[in-house]
Amino acid sequence: MPAGGDARRSPGRAGSVTHLMDAAPRFRFAPSPTGYFHVGGARTALMNWALAKRLGGRFVLRIEDTDEARNRPEWVQGIIDALAWIGISADDPTFEGPYFQSANAELHVAAAERLYVEGKAYYCDMTPEEIQERAKAEGVPGYAGWSRDKGLGPGPGRVLRFRTPDDGETVVHDVVRGEVRFANSTLEDFVLLRGNGKPMFLLANVVDDIEMGITHVLRAEEHLPNTPKQQLLWQALGHEPPVWAHVPVLVNQQRKKLSKRRDKVALENYREEGYLAAAMVNYLMTLGWSPKGDTEIVPWEVIEREFRLEDVTHSPAFFDERKLLAFNGEYIRAMSVEEFVAACEPWIPPHYDRAVFARMAPLLQTRVQTLAEAAPQIDFLFAEPAMDEAAWNKAMSQPWSAKLLDGVIEAYESVPWEAEALNEQWRRVAEALDVKLRLAQGPVRVAVSGRMVGPPLFESLVELGREETLRRLRAARARLEG
Ligand code: GLU
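Because the structure is predicted, anything quoted here is derived from the model rather than measured.

Calculation notes
- All residue numbers here refer to positions counted from 1 along the written sequence of the relevant chain.
- Restriction of local features to residues with pLDDT of at least 70 applies here, the model being predicted, together with a cutoff of 80 or more for giving and counting side-chain atom pairs; totals for whole chains, interfaces and linings are based on all residues.
- With hydrogens and water stripped out, all remaining heavy atoms of the structure feed into the side-chain values.
- Secondary structure is summarised from DSSP: a helix means a run of H or I of at least four residues, a strand means a run of E of at least two, and numbering begins at the N terminus for each.
- Summary of the burial criterion: residues with accessible area below 20% of their type's maximum are buried, those above 50% are exposed, and those between are partly exposed, where the area comes from a 1.4 Å probe applied to protein chains only.
- Residue contacts are counted whenever heavy atoms from the two residues lie within 4.5 Å of one another.
- For the accessible areas, the method is Shrake-Rupley and the probe is 1.4 Å, while residue cover comes only from the protein chains on display.
- The term salt bridge refers to a side-chain nitrogen of Lys or Arg lying within 4 Å of a carboxyl oxygen of Asp or Glu.
- Polar contacts here mean pairs of N or O atoms no more than 3.5 Å apart (in protein, one a potential hydrogen donor and the other a potential acceptor; neighbouring residues in sequence count only if both atoms are side-chain atoms).
- Residues are classed as near a molecule or strand on a simple rule: at least one heavy atom within 4 Å of it.
- In the scheme used here, Gly and all other residues not listed as nonpolar or charged are polar, with Ala, Val, Leu, Ile, Met, Phe, Trp, Tyr, Cys and Pro taken as nonpolar and Asp, Glu, Lys and Arg as charged.
- At least two bridges found by DSSP between two strands are what make those strands a pair.
- Known as pLDDT, the predictor's confidence for each residue is given on a scale from 0 to 100.
- Axis definition: a line fit to C-alpha positions, over the contact stretch in the case of helices; interaxial angles, taken between N-to-C directions, run 0 to 180 degrees.
- Crossing handedness follows the turn of the near helix against the far one: under a right angle anticlockwise gives a left-handed crossing, and clockwise gives a right-handed one.
- Centre distance within 6.5 Å is the pairing criterion for rings of Phe, Tyr and Trp, where only the six-membered ring of Trp is used; planes under 30 degrees apart are then read as stacked, over 60 as edge-to-face, and the remainder as tilted.
- Lysine and arginine charges are scored as sitting over a ring when NZ or CZ, respectively, is within 6 Å of the ring centre and within 35 degrees of the ring normal.

**Student:** Before we move on, can you summarise the overall build of the chain with the specific residues and values?
**Tutor:** From N to C terminus, the chain includes 20 helices and twelve strands. In terms of principal-axis extent, the alpha carbons of the chain reach across some 100 × 55 × 35 Å. Considering the chain as a whole, with its 482 residues, one finds that 49% of them fall into the buried category. In the chain, the proportion of contacts linking residues at least 24 apart, taken out of those at least 6 apart, comes to 74%. Carbon and sulfur atoms make up 51% of the accessible area of the chain, which totals about 22,600 Å².

Quick look at the structure:
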């Protein structure tokens, strides 16, 4: 038993992911509902989930909804749906919550008052302008404890500040980053309660974590500057701090933090565009972390078994949309045809013949990178296509274009209607005209589909049927004439 008889205390191993493991570990994901679910949040949630699952712990979902002006109930459902999509199911016994930060306001205030009563916090009546002026006059970067000894009690407009130590260091043991040292002289006496008595984020976040028995705070690195203050709060409130882990942020190609304005960051967008959850999960989890072996394509079971915070790199991770797309393509190709057809269903327009789609599916599955791309490739099988005029000009401006169409039309009037025979007859016509086979599909494809590229032609014609194929070929031939 560690010193002090406290099962959760074993300072020798502070900074390792298992150092509080005498108790069942409790991880948490604490999003602020903002209207969309950031891919970086998904990554943090997944890491918490992987560890909670592997270590036999809990994953607590806490909605940090104290910014009343910005909260909407439907966003909370959005978070739960997004989590479920990436496999973090509220029905799983590992999942706990959701809890709502706003429901705990009394606890936050009570904790703050305790700190005040114990002399660990004090009221301050300085306005931001006064603080700015004085800081400028004294040549200091910010608030320098000026109300510490005023002996003020609570009152309108007065904020409650935490008294940070003046000397020494606060050392954060971070599983990803190792020991991170903060000189206490750089830690401002930060605000716990606003002038209107409302708790600030740093306080609410810590009180909730304590209240919910959280043992592991795994979050994005952008919160690291808050961590020494939060650690001091944990201690001031009489608790051993949790295991900290700050994972590097995701950046774009320009090495800038991913932002909604610049980058595609909403998980919902990827979902709507036909990304597979499994591909997204795999991709996010292998950003800044690699599984053993030489493949990055790893199923969740392996991730859950092998993911270690200790192995996460320290540098920001490049969220490469193109690589994610390639991952998605690989995942699509790994599906059975039946799975692929079922997964495409939300993107298949109502007027499509499902049986035709299912027959064409194997040909589409090898060519698409997202589920949403599949159905549009064969739209010409279900409706008159719009003509891409550039494609028309390219395909129909050859000296042999008209002759090729004539030959194919004649052959197709009587050929057995199956792909191989259609292919053979077309080739015979092209060869007789001495046309390069690479070019000779053009007029036929453009005539029937309105486009230069698409799924394998002759299989498509089989589905389109003799009558409709001939009608379109003849129409194209007539247009060429005109
Ligand atoms: N609500 C905070 C955020 O969404 C989370 C803070 C934390 O994980 O401690 O950024």
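Now that the structure has been shown, the text picks up again.
**Student:** Which residues make up helix H5 (residues 201-211), and what values go with them?
**Tutor:** Burial of H5 is extensive: nine of the eleven residues sit out of reach of the surface. Among all positions of H5, only Leu202, Leu203, Ala204, Asn205, Val206, Val207, Asp208, Asp209 and Ile210 are buried. As for H5, its buried residues are in contact with strand S1 (26-29), strand S2 (58-63), helix H3 (105-117), strand S8 (191-193), strand S9 (216-220) and helix H6 (227-236). With its phi angle positive at about 65°, Gly213 sits one or two positions after the end of H5.

**Student:** Help me get a handle on the pattern of salt bridges, residues and values and all.
**Tutor:** Inspection of every chain in the model, using the stated rule, returns 31 salt bridges. A salt bridge links Arg477 to Glu481; the nearest nitrogen and oxygen atoms lie 2.7 Å apart. You can see Arg477 and its partner Glu481 sitting in helix H20 (residues 466-481), four residues apart, about one turn around the helix. Judged by its relative accessible area of 17%, Arg477 falls in the buried class.

**Student:** I'd love a proper account of the environment of Asp263, names of residues and values included.
**Tutor:** Relative to the helices and strands, Asp263 resides in the loop between strand S11 (250-251) and helix H7 (267-272). Overall, Asp263 belongs to the buried group, its relative accessible area being 14%. Each C-alpha atom, one on Asp263 and one on Gln253, is 9.9 Å from the other, the two residues being ten residues apart in sequence. When sequence neighbours within four positions are dropped, the list of residues in contact with Asp263 reads Asn252, Lys257 and Leu258. Engagement of the side chain of Asp263 in a polar contact is seen with the side chain of Asn252, the distance being 3.2 Å.

**Student:** Kindly report on the site of the ligand, identifying the contributing residues and their values.
**Tutor:** Lining the immediate environment of the ligand, one finds Arg28, Ala30, Pro31, Ser32, Glu64, Phe201, Asn205, Arg219 and His223. Contacts to the ligand include Glu64, whose side-chain N or O atom sits 2.6 Å from a nitrogen atom. A distance of 3.0 Å separates an oxygen atom of the ligand from a polar side-chain atom of His223. Burial of the ligand by the protein chains amounts to 81% of its free accessible area of 300 Å². Residues of the shell around the ligand, tallied by class, amount to three nonpolar, three polar and three charged.

**Student:** Account for the environment of Glu384, naming residues and giving values.
**Tutor:** Mapped onto the fold, Glu384 is located in the loop between helix H13 (374-377) and helix H14 (389-396). For Glu384 and Glu468, which are 84 residues apart along the polypeptide, the C-alpha to C-alpha distance reads 9.8 Å. If we ignore the near neighbours within four places in the chain, the residues touching Glu384 are Glu468, Arg471 and Arg472. In this structure the side chain of Glu384 is engaged in a polar contact, spanning 2.6 Å, whose partner is the side chain of Arg471.

**Student:** Help me get a handle on the pairing of strand S5 (residues 159-162), residues and values and all.
**Tutor:** With burial as the criterion, each face of S5 is covered, one bearing Val159 and Arg161 and the other bearing Leu160 and Phe162. Here strand S4 (residues 121-124) pairs with S5 via four bridges, running antiparallel. Looking across to S5, one finds that Tyr123 is bridged to Leu160. Looking at chain direction, S5 and S8 are connected through two bridges and run antiparallel. Among the inter-strand pairings, Leu160 is bridged to a residue of S8, identified as Leu193.

**Student:** If you had to explain the confidence of the model for the chain to someone new, which residues and values would you point to?
**Tutor:** Averaged over all residues, the pLDDT of the chain is 93; the fraction at 70 or higher stands at 95%. Counting contacts from residues 1-13, a segment whose pLDDT is below 50, to residues more than four positions away or on other chains yields 17 contacts.

**Student:** Go over the packing of helix H18 (residues 442-449) against helix H19 (residues 457-464) with me, naming the residues and quoting the values.
**Tutor:** Taken N-terminus to C-terminus, the directions of H18 and H19 make an angle of 35°; their axes are 11 Å apart at the nearest point. H19 is crossed by H18, and the crossing has left-handed handedness. Residues Val444, Arg445 and Val448 of H18 lie in contact with H19, whose contacting residues are Leu457, Leu461 and Leu464. Class assignment of the residues belonging to the contact of H18 with H19 gives a composition of five nonpolar, no polar and one charged.

**Student:** Residue-level account of the side chain of Asn184, with values.
**Tutor:** Assignment of secondary structure puts Asn184 in the loop between strand S7 (178-183) and S8. Once you skip the residues sitting within four places of it in the chain, Asn184 turns out to touch Pro165, Asp166, Asp167, Gly168, Glu169 and Thr170.

**Student:** Please provide a residue-by-residue account of the packing of aromatic side chains, values included.
**Tutor:** Counted by the stated rule, this structure contains 15 aromatic pairs. Here Tyr116 and Tyr123 contribute two aromatic rings whose centre-to-centre distance is 4.9 Å and whose plane-to-plane angle is 70°, an arrangement assigned as edge-to-face. Owing to a relative accessible area of 7%, Tyr123 belongs among the buried residues under this scheme. Ring-pair connections join several aromatic residues into one group, and the members of that group are Phe29, Phe37, Trp49, Phe59 and Phe95. Residue placement shows Lys260 over the ring face of Tyr36; its charged tip is 4.5 Å from the ring centre.

**Student:** Would you mind going over unusual backbone geometry in detail, with residue names and values included?
**Tutor:** A cis geometry characterises the amide bond from Gly97 onward to Pro98, with omega recorded as 5°. For Pro98, the position within the fold is in strand S3 (residues 95-100). Residue Arg255 is not a glycine yet carries a positive backbone phi of 65°. Of note, Arg255 is situated in the loop between S11 and H7. For Arg255, a relative accessible area of 49% corresponds to the partly exposed category. Positive phi, normally seen in glycine, also occurs at Asp434, with a value near 65°. Among the residues examined, Asp434 registers a relative accessible area of 72% and is labelled exposed.

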